[in-house]
Amino acid sequence: EGDRKYNIYFKTVKNKQIVSSDIQGDPKIFKIKVNLEYELFNNDEKILEDTIIKQISYNSIDDKYELSQYENNILKNLSKNISDEILFSIKLLENDN
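To keep things clear, this report deals only with the structure shown in the data block. (Residues numbered from 1 in each chain as written. Predicted model: local features only at pLDDT ≥ 70, side-chain atom pairs only at ≥ 80, totals over all residues. Heavy atoms only, no water.)

Once that is clear, we can look at the overall build of the protein. When you go through the protein residue by residue, the secondary structure sums to one helix and three strands. Going from N to C terminus, the protein has its helices and strands arranged as β-β-β-α. Compactness check: the protein gives a C-alpha radius of gyration of 18 Å against a globular reference of 13 Å for 97 residues, more than 25% above the reference. Projected onto its principal axes, the C-alpha positions of the protein cover 60 × 20 × 20 Å. Residue burial in the protein is summarised as follows: out of 97 residues, 19% are buried. Considering only contacts in the protein between residues 6 or more positions apart, those separated by 24 or more positions represent 53%. When the accessible area of the protein is evaluated, it comes to approximately 7400 Å², of which 46% is carbon and sulfur surface. (Helix = DSSP H or I, 4+ residues; strand = E, 2+ residues; numbered from the N terminus. Rg over C-alpha atoms; globule rule 2.2 N^0.38 Å. Buried < 20%, exposed > 50% of the residue type's maximum accessible area, 1.4 Å probe, protein only. Contact = heavy atoms within 4.5 Å. Areas by Shrake-Rupley, 256 points an atom, 1.4 Å probe, with all protein chains shown as cover.)

Following this line, the structure appears as C-alpha cells:
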C-alpha cells in the first residue's frame with residue numbers, strides 16, 4: 001500500500017477573553033478558544049471538511065511574563081490536540097477506503 005498525499009487548507013481563529021475580574025477590575029480568569037476550519041483534498045478532490053473547536057479557562061498570573069509563557073504552553077497543547085484530531089480523521093478515512 002503506497003503513501004497517500006493530501007493537501008490541507010485551514011483557517012484558525014484564536015480568541016482570548018476575560019471570564020471574571022476582581023473588585024478592582026483586574027482579570028482573574030481567562031478563556032482561550034481556538035476555532036479551526038479545515039478542508040482535506042486528495043488529487044484536487046475535497047474528501048473532508050470539518051471544524052474543530054478547543055477552549056480552556058485558566059487563572060490569571062500576576063507576573064505578565066509568566067502569564068505569557070503559560071498561555072503559549074496552553075496554545076501548544078491545544079494545537080497538538082487539534083493536529084491529533086486531524087490525523088485521526090485522516091486515518092479513519094483511509095480505513096473506510
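In terms of strand pairing, strand E1 (residues 7-21) meets strand E2 (residues 27-42) through 14 bridges, oriented antiparallel. Across the sheet, Ser20 pairs through a bridge with Ile29, a residue of E2. As consecutive antiparallel partners, E1 and E2 are separated by five residues, and within that stretch Gly25 has a phi angle of approximately 90°, a positive value. (Pairing = 2+ DSSP bridges.)

Per the counting criterion, the structure on display carries three aromatic pairs. Relative to Phe41, the ring of Tyr9 lies with its centre 5.5 Å away and its plane at 80°, an arrangement referred to as edge-to-face. Of this pair, Tyr9 sits in strand E1 while Phe41 is found in strand E2, placing the two residues 32 residues apart along the sequence. Counting every residue linked through ring pairs, the aromatic cluster contains Phe30, Tyr58 and Tyr70. One Lys or Arg, Lys16, reaches over the ring of Phe30 and ends 4.4 Å from the middle of that ring. (Phe/Tyr/Trp six-rings, centres within 6.5 Å; stacked < 30°, edge-to-face > 60°. Lys NZ or Arg CZ within 6 Å of the ring centre and 35° of its normal.)

These results come straight from atomic positions and should not be treated as a statement about function.
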